[in-house]
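Secondary and tertiary structure notes
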Amino acid sequence: MFAVAKAATVLGVNGHIVDVEVDLARGLPSFEIVGLPDTALRESRQRVRAALKNQGYAFPMHRLTVNLAPGNLRKTGSAFDLAIALGILAAGGLIPENRLQDVLVLGELSLDGKIRGVGGVLPMAMAAVCEGITEALVPVDNGSEAGLVQGLSAVVVQDLAEAVGVLTGCRSAAVPKPAEFLETGYSAVNDLSEVKGQLTARRALEIAAAGRHNLLLVGPPGCGKTMLARCLPGILPPLSNQEAVEVARIYSVANGGLGQLKLTLAPPFRSPHHSSTKAGIIGGGLLPHPGEVTLAHRGVLFLDEVGEFGRSVLDVLRQPLEDGVVSLVRYGYSVKYPSECQLVMAANPCPCGFLGSSIKECTCTGREIAAYRRRLSGPLLDRIDLQVWMDALKPKDYHTKQESSDKVRKRVVAARKAGDNTCDTNLGPADLSACARQILETAAERFRLSARAVQKTIKVSRTVALLGQSCQIGAEHVAEALTYRLSL
Amino acid sequence: MAGINLRRQGNRYEHMAAGYLKERGYKIVARQFRCRQGEIDIIAEDGALIVFVEVKGRRTCAFGLPEEAVDWRKQNRIRQAAEYFLWSRQKTDHLCRFDVVAVYDKGPQKCQINHIKSAFS
């Protein structure tokens, strides 16, 4: 009257295998779930009871105890329903007892016994392989995710009866088609050929794409800041398959199993509204949930109207930008979310928007401007390698023809490849030409650049050199990099 | 309704329910089992199974069906009383079941009985 099934829960973006132990004992009938279940999991009792009944199985008249081991790990979500139901049937003798030992079972049950998709199947399936589990039963909606994992033979099941049939061997198993890497998504964003004028900003965008640098665009309203920023994902090189899986893993957790997972090679582009909270940006909640900076992992986090964001919201970005990981600590446990993204921000120079523009006079007072500028803290600006001033468009620029994103992307891909070949990310002053070093030293002294600013200027210079297919960082590369740091 | 003895009315329903169960092969073990924890109207045996029965009767459905009147508070009391019963008789290793017998009272000779097996657990 005892059985164990294997299920899994997600902590951060990592899966953890959980043993679902089911015991049937004589005595007053009851149904308890122990082992730190959350509310959704405790409610699973009602779903399991109804699903078993409606699929034609008698609910046992026993004292029924379900234990989720390890006992100190918090279990969340509704993915345990199917494992609990099958565990009960196995404890009742309907499924051979040891049949469930090496099968990962995931799925939420509906009241009529159909199996619904759940979130986080990809990381859970990966964890299963690490634990030596070779088989998996997953909902139809999550089939493509589970099929992606090497070394795990996944089977999709529609309802409880089918799951029992597959386990007892009286029904043939439906093997899912693994998700394919799609290069779609590029067509969805703006194309650079639509952006008129703004040659400096276009150049900065290209450098940002080639070197994964952070970018700040400042200019009067209507000069094309947002449009230009939206072009950035279109000129980024496609993700490698490994990166695409990394991204898919995050979305598998974040989406909560709504529909089939798309495995796209286009880098993600996130543009949260400026009313977003700290927890919305870096992730959080009582049970942590990935934030925008994590959803933009390996892609672009675009903050439009950055002056309207809360100052504290912007400042929480400082550490994730530097480390590439968000570490959230909760009572008794902590989670880590990857956050290697490129930050692009757009802002007006002052509240009215026209400070320094050639088309309109600014009407703000000095105090207003100072208060507006203060919303972007110094430490955050220090992390922005490319700061670009964009002026309003001249009427004669409206009909100029511009390069398309595809062309620019080819240059970016070539520069990245060249950069990967030299494979030296900690490029120090040694690779600078003597003349370049002198310019940098003078600038650092004159403009009081921080050590980080100098380091980052060198990195931008390196990217400029790579884009120009040069093998040494020359004076012109450093000079160009410095203009992007000092233009504001 | 004033003047009707509710206690006697309840006993009448319980009597009818017990008769109904006996007809269907149940062996009545105890009636009106009382302890600190609560009260159980009928305790019967259905083969090896111990059945705890709550009897509820109504003369009108204006205030809801009789079986609806067995709310979670009543269920809890029955559950606790059942636990005490099993302990006191050293029968904790038996399988058991909680039933509700609803009596629709439509006059002296026209009573309808609805037996809900495994009404709660």
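This structure is a prediction, so every number in the text was calculated from the model and none was measured. (Residues numbered from 1 in each chain as written. Chains lettered and ligands numbered in written order. Predicted model: local features only at pLDDT ≥ 70, side-chain atom pairs only at ≥ 80, totals over all residues. Heavy atoms only, no water.)

Topic: the sheet that holds strand 10 (residues 215–218) of chain A
Residues and elements named next belong to chain A. If you walk across this open sheet you meet the 5 strands as 11-12-15-10-16, and the pairing is parallel. Either end of the sheet is taken by a strand with one partner, and the two such strands are strand 11 (269–270) and strand 16 (386–389). Bridge analysis of strand 10 against strand 15 (residues 342–347) gives 4 bridges, and the strand direction is parallel. From the neighbouring strand, Leu-217 faces strand 15, where its bridge partner is Ala-346. Relative to the sheet, helix 8 (residues 225–235) contacts strand 10, strand 11, strand 12 (300–303) and strand 15, its axis offset from that of strand 15 by approximately 165 degrees. (Pairing = 2+ DSSP bridges. Helix = DSSP H or I, 4+ residues; strand = E, 2+ residues; numbered from the N terminus. Contact = heavy atoms within 4.5 Å. Axes fitted to C-alpha atoms, helices over the stretch in contact; angles between N-to-C directions.)

Thoughts on the pairing of strand 13 (residues 325–330) of chain A
All names here are of chain A. Of the pairings in the sheet, the one linking strand 13 to strand 14 (residues 333–338) comprises 6 bridges and is antiparallel in character. Within strand 14, the residue paired with Val-326 across the bridge is Tyr-337. Hairpin connection between strand 13 and strand 14: a loop of 2 residues separates the two successive antiparallel strands, and Gly-332 in this loop has a positive phi of roughly 90 degrees.

Quick word on the packing of helix 3 (residues 81–91) of chain A against helix 6 (residues 160–168) of chain A
All names here are of chain A. Helix 6 packs onto helix 3 with a crossing angle of 55 degrees between their chain directions and a minimal axis gap of 11 Å. Here helix 6 runs oblique to helix 3, going by the angle between their axes. Here helix 3 and helix 6 pass one another in a crossing that is right-handed. Facing Leu-82, Ala-85, Leu-86 and Leu-89 of helix 3, the residues of helix 6 in contact are Leu-160, Ala-163, Val-164 and Leu-167. Taken together, the residues that form the contact of helix 3 with helix 6 break down as 8 nonpolar, no polar and no charged. (Parallel < 35°, antiparallel > 145°, perpendicular 65-115°, else oblique. Left-handed = near helix turned anticlockwise from the far one by under 90°. Nonpolar A, V, L, I, M, F, W, Y, C, P; charged D, E, K, R; others polar.)

As for the side chain of A:Arg416
All names here are of chain A. Note on placement: Arg-416 falls in helix 16 (residues 405–422). Here Arg-416 is buried and forms no salt bridge, its nearest opposite-charge partner Glu-243 lying at an N-O distance of 6.4 Å. Excluding residues that lie within four positions of it along the chain, Arg-416 makes contacts with Ala-209, Ala-210, Arg-212, Leu-236 and Pro-237. (Buried < 20%, exposed > 50% of the residue type's maximum accessible area, 1.4 Å probe, protein only. Lys, Arg positive; Asp, Glu negative; His and termini not counted. Salt bridge = Lys/Arg side-chain N within 4 Å of Asp/Glu carboxyl O.)

Considerations on the domain arrangement of chain A
All names here are of chain A. The domain architecture assigned to chain A consists of domain 1 (2–168), domain 2 (186–405) and domain 3 (424–488). Taken over C-alpha atoms, the centre of domain 1 sits 40 Å from the centre of domain 2. Taken together, the contacts link 22 residues of domain 1 with 19 residues of domain 2. Contact between domain 1 and domain 2 buries roughly 1,600 Å² in total, counting both sides, with carbon and sulfur atoms accounting for 64%. When residues of domain 1 are sorted by the area they lose upon contact with domain 2, Gly-12, Val-13 and Arg-74 head the list and together hold 30% of the total. Summed over the shared surface of domain 1 and domain 2, the number is 0 salt bridges. Linking domain 1 to domain 2 there are 5 residue pairs in polar contact (both at pLDDT 80 or more). Listing elements by their share of the side of domain 1 that touches domain 2, those giving two or more residues are strand 1 (2–11), helix 4 (121–130) and helix 5 (143–147). Here the element with the most residues in the side of domain 1 that touches domain 2 is helix 4; it accounts for 4 residues. (Domains from an automatic or database assignment. Buried area = accessible area lost by both parts, 1.4 Å probe. Polar contact = N/O pair within 3.5 Å; in protein donor to acceptor, adjacent residues only side chain to side chain.)

Concerning the interface of chain B and chain A
In this assembly, 14 residues from chain B lie in contact with 8 residues from chain A. Considering only the side of chain B, the residues that lose the most area to chain A are B:Leu95, B:Cys96 and B:Ser121, jointly responsible for 52% of the buried surface there. Across the contact surface, chain B and chain A share 0 salt bridges. At the junction of chain B with chain A, the criterion picks out 1 residue pair in polar contact (both at pLDDT 80 or more). Looking at which element gives the most residues to the side of chain B that touches chain A, the answer is helix 2 (residues 72–88) of chain B, with 4 residues. Across the side of chain B that touches chain A, the residue classes tally to 7 nonpolar, 3 polar and 4 charged.

Looking at helix 9 (residues 241–255) of chain A
The end-to-end C-alpha distance of helix 9 of chain A, which contains 15 residues, comes to 20 Å, matching closely the 21 Å that a straight helix rising 1.5 Å per residue would cover. Residues of helix 9 of chain A that are buried include every one of A:Glu243, A:Ala244, A:Val245, A:Val247, A:Ala248, A:Arg249, A:Ile250, A:Tyr251, A:Ser252 and A:Val253, and no others. (Expected span 1.5 Å × (residues − 1).)

Comments concerning the packing of aromatic side chains
Each aromatic ring pair is specified by the distance between its two centres and by the angle formed by the two planes. Within this structure, the stated rule accounts for 7 aromatic pairs over all chains. Relative to B:Phe98, the ring of B:Phe52 has its centre 5.4 Å away and its plane inclined at 25 degrees; by these criteria the two rings are stacked. Here the residue B:Phe52 occupies a position in strand 3 (residues 49–58), and B:Phe98 occupies one in strand 4 (residues 96–105), the gap between them amounting to 46 residues. Between the aromatic rings of B:Phe98 and B:Phe120, the centroid separation amounts to 5.1 Å while the plane-to-plane angle is 15 degrees, which identifies the pairing as stacked. With B:Phe98 in strand 4 and B:Phe120 in strand 5 (residues 111–120), the pair connects residues that are 22 residues apart, well separated along the chain. Ring pairing ties together the aromatic residues B:Phe33, B:Phe52, B:Tyr84, B:Phe85, B:Phe98 and B:Phe120, which thus form one cluster. Seen from the ring of A:Phe59, A:Arg49 lies directly overhead, with NZ or CZ sitting 4.6 Å from the centre. (Phe/Tyr/Trp six-rings, centres within 6.5 Å; stacked < 30°, edge-to-face > 60°. Lys NZ or Arg CZ within 6 Å of the ring centre and 35° of its normal.)

Here we look at the nonpolar core
Residue and element names in this part refer to chain A. By size, the foremost hydrophobic cluster in this structure holds 60 residues, and its most contacted members are Leu-303, Leu-317 and Met-345. When residues of this core are assigned to domains, at least three map to each of domain 1 (2–168) and domain 2 (186–405). Setting aside residues no more than four positions away along its own chain, Leu-317 makes contact with Ile-281, Val-293, Leu-301, Leu-303 and Leu-343. Ranked by size, the runner-up nonpolar core spans 42 residues in total, among them Val-22, Leu-41, Leu-64 and Leu-137. (Core = buried A, V, L, I, M, F, W, Y, C linked by side-chain atoms within 4.5 Å.)

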